[in-house]
Amino acid sequence: MTTILTRHTTEPTLEIDLSSIAANTQRLARAATGSVMAVVKADGFGHGLADVARTALANGATWLGATSLAEAIAIREAELSAPVLSWLNPVDADAWTAARHRIDLAVPSVRHLDAFVEAAAGHPLRVHLHLDTGMARDGAAPCEWLDLVTAARRAELAGTAQVVGLMGHLAWSNEPGHPANAAGRQALLHGAELAARAGLRPSVRHLAATAATLTDPSTHFDLVRVGAGLVGIDPSGRTRLRSALRLTAPVVQVRSVPAGVGVGYGHRHVTDRATTLALLPVGYADGLPRAASSRAEVVVAGRRRRVTGMTSMDQVVVDLGDDLVEPGTEAILFGPGDDGEPTVADWARWAGTIPHEIVTGIGARVRRSIR
Ligand SMILES: *Cc1c(COP(=O)(O)O)cnc(C)c1O
């Protein structure tokens, strides 16, 4: 048995490397034929809304995007003055506050337009008309589009709203060349044509997110909305972007066990030989997917070690084999992969999910350290 001396750490920590976000933004800005909106929803994909926004704006993005109005207001509270769009709001959203903060609202229906205009109470509203370009998710159904552009033009003439943009979203952009992408592009072109006939002159039409930004310039129009790519995820799998996250935790306890010992809840693992087990104080409440139990690996003392047994809410056990480490030794759960450590993409694979779900799921009690 060998005791290995290694780096020590005191608490679970998520290191966020802003230089990776900067490099990814530059890469996306080079790929885009028009402008870039940095999408910082879900706390900047778990990387910190204000830090991601500020880094992206310093590296080629000129717009910011978020899902909810609350997220858009958080952008303004971080004293960022770039144009901001919030695209998913209920009819009773506080459009008055949006207008006062110069936050653009996406509008998916006449009902939303009327409600937003009324709530804004005379403050001129900046809106982006949102067309469903083939997802049956958010945006106006094509059969409602003519009513929407007509109502929006009426609001412009009444001075209550200004149509700044037209937007859609692609269901299949992770598969470049899928026919739904060309259909989505055609749908937006047709929607823009109807908007023009109604007298609207929006300054930006936007459709592409990260994958289409990297793979299909024909979908870029005037502006692309990129989120995942900023933090190193390319849903198309065509590009190597850089992950900005590194998750570490200290070994809390080390124990030697004989063969035949059941580990953790339900004894999901029974040791088949004498071995050493190390305990880490991170679990599914911290974002380690339970579905990755017994499959995931972490680095302890320079080597990959298997997570063994069921992942608990607050802890996991890893199998060190014949090695012994001191309590306090740093375990690396994931990182950019430079030193052979698992990546976010590995964890997603082990859990049967996508990297987005891993990066947005790291729990609030994990300490954040910005670099
Ligand atoms: C999340 C989101 C984006 C960003 O998509 P990525 O693939 O993460 O770049 C763009 N537009 C809308 C409407 C979104 O919800």
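Cut-offs used in this document
- Residues numbered from 1 in each chain as written.
- Predicted model: local features only at pLDDT ≥ 70, side-chain atom pairs only at ≥ 80, totals over all residues.
- Heavy atoms only, no water.
- Helix = DSSP H or I, 4+ residues; strand = E, 2+ residues; numbered from the N terminus.
- Buried < 20%, exposed > 50% of the residue type's maximum accessible area, 1.4 Å probe, protein only.
- Contact = heavy atoms within 4.5 Å.
- Areas by Shrake-Rupley, 256 points an atom, 1.4 Å probe, with all protein chains shown as cover.
- Lys, Arg positive; Asp, Glu negative; His and termini not counted.
- Charge placed at Lys NZ, Arg CZ, Asp CG, Glu CD.
- Salt bridge = Lys/Arg side-chain N within 4 Å of Asp/Glu carboxyl O.
- Expected span 1.5 Å × (residues − 1).
- Pairing = 2+ DSSP bridges.
- Axes fitted to C-alpha atoms, helices over the stretch in contact; angles between N-to-C directions.
- Domains from an automatic or database assignment.
- Buried area = accessible area lost by both parts, 1.4 Å probe.
- Core = buried A, V, L, I, M, F, W, Y, C linked by side-chain atoms within 4.5 Å.
- Near = heavy atom within 4 Å.
- Polar contact = N/O pair within 3.5 Å; in protein donor to acceptor, adjacent residues only side chain to side chain.
- Nonpolar A, V, L, I, M, F, W, Y, C, P; charged D, E, K, R; others polar.

Q: So what exactly am I meant to see when it comes to the overall build of the chain here?
A: Scanning the chain from N- to C-terminus turns up eleven helices and 21 strands. Each principal axis of the C-alpha distribution contributes one length, and for the chain these read about 80 × 40 × 40 Å. Relative to its full complement of 371 residues, the chain shows a buried share of 54%. Taking the contacts inside the chain whose residues are at least 6 apart along the sequence as the reference set, 65% of them involve residues at least 24 apart. Put simply, the chain shows about 15900 Å² of open surface, and 51% of that area lies on carbon and sulfur atoms. Between the mean site of the 36 positive side-chain charges and the mean site of the 37 negative ones, the chain shows a separation of 3 Å.

Q: Where do I start with the pattern of salt bridges in this structure?
A: Pairing of side chains with opposite charge becomes possible as their charged atoms draw close. Evaluated as defined, the whole model comprises 22 salt bridges. Linking D51 and R54 is a salt bridge whose minimum nitrogen-to-oxygen distance equals 3.6 Å. Separated by three residues within a single helix, D51 and R54 lie in helix 3 (residues 49–57), roughly one turn from each other. Under the relative-accessibility criterion, R54 is labelled partly exposed at 40%. Here R205 makes a salt bridge to D222, at a shortest N to O gap of 3.0 Å. Placement of R205 in strand 9 (residues 204–206) and of D222 in the loop between helix 9 (210–215) and strand 10 (223–226) is noted, with a sequence separation of 17 residues between them. We classify R205 as partly exposed; its relative accessible area is 27%. Classification of D222 as partly exposed rests on a relative accessible area of 25%. Among the ionic contacts, a cluster of salt bridges with common partners joins R7, E15, R246, E330 and R371.

Q: Please explain unusual backbone geometry as it appears in this structure.
A: With the exception of glycine, most residues fall at negative phi, and the peptide bonds are largely trans. The phi torsion at R102 lies on the positive side, around 55 degrees, for a residue other than glycine. The partly exposed category is assigned to R102, whose relative accessible area is 47%. The residue H267 is not glycine, and still its phi comes out positive at about 45 degrees. Counting through the fold element by element, H267 comes out in the loop between strand 13 (262–263) and strand 14 (269–270).

Q: I'm lost on helix 7 (residues 142–158) in this one. Help?
A: Every α-helical turn comprises 3.6 residues, leaving residues that sit three or four positions apart pointing alike. An ideal rise of 1.5 Å per residue puts 24 Å on 17 residues; helix 7 measures up with 25 Å between its terminal C-alpha atoms. When helix 7 is considered as a whole, its buried residues turn out to be W145, L148, V149, A151, A152, A155 and E156. Looking at the packing, one finds that the buried side of helix 7 touches strand 6 (103–107), helix 6 (110–120), strand 7 (125–130), strand 8 (161–167) and helix 8 (179–197). Following helix 7 by one or two positions, G159 adopts a phi angle in the positive range, close to 80 degrees.

Q: In this structure, what is going on with the pairing of strand 11 (residues 245–250)? I would like to understand it.
A: Working note: regular strand, side chains alternate between the two faces of the sheet. Counting buried positions along strand 11 gives six out of six residues, so the element sits mostly inside the fold. Covered by surrounding structure in strand 11 are L245, L247 and A249 together with R246, T248 and P250, the residues of both alternating faces. As judged from the four bridges shared by strand 11 and strand 20 (residues 330–334), these two strands associate in the antiparallel manner. Its bridge partner being in strand 20, L247 is matched across the sheet by F334.

Q: Would you take a moment to explain the sheet that holds strand 16 (residues 297–300) for this structure?
A: The strands that make up a sheet pair up through hydrogen bonds in the backbone, lying either parallel or antiparallel. On the basis of which strands lie adjacent, the open sheet formed by nine strands has the order 12-15-18-17-16-20-11-2-21 and mixed pairing. Both edges of this open sheet fall to strand 12 (253–257) and strand 21 (367–370), since each of them pairs with a single strand only. Strand-to-strand twist across the sheet, computed as the mean angle between neighbouring axes with direction ignored, equals 35 degrees.

Q: Help me out: how do you make sense of the domain arrangement of the chain in this one?
A: The accessible area lost on association of the parts is a frequent measure of interface size. Under the domain assignment, the chain is made up of domain 1 (2–14 + 244–370) and domain 2 (18–231). With centres defined by C-alpha atoms, the gap from domain 1 to domain 2 works out at 39 Å. In this complex, domain 1 contributes eight residues to the contact, which on the side of domain 2 involves ten residues. Across the domain 1 to domain 2 interface the summed buried area is about 690 Å²; carbon plus sulfur atoms make up 70%.

Q: Honestly, the nonpolar core in this entry has me stumped. Any pointers?
A: General note: in soluble globular proteins, nonpolar side chains tend to be found buried as a group. In terms of nonpolar packing, the biggest core is built from 109 residues, with L125, L129 and W347 touching the most fellow members. For this core, the leading source of residues is helix 7, giving six residues. When residues no more than four places from it in sequence are discounted, the contact partners of W347 are L288, P289, A292, A296, E297, V298, L333, F334, P342 and I358.

Q: I would appreciate a short explanation of the site of the ligand in the present structure.
A: Near the ligand you find K41, F45, W87, H169, A209, T210, R225, V226, G227 and A228, and these make up its full shell. In the environment of the ligand, an oxygen atom lies 2.5 Å from a nitrogen or oxygen atom belonging to the side chain of T210. Between the ligand and R225 there is a distance of 2.9 Å, counted from a nitrogen atom to a side-chain nitrogen or oxygen. Protein contacts shield 90% of the accessible area of the ligand, which totals 390 Å² for the unbound molecule. Put simply, the parts of the chain that give the shell around the ligand at least two residues each are helix 2 (41–46) and strand 10. Looking at the shell around the ligand residue by residue, the classes come out as five nonpolar, three polar and two charged.

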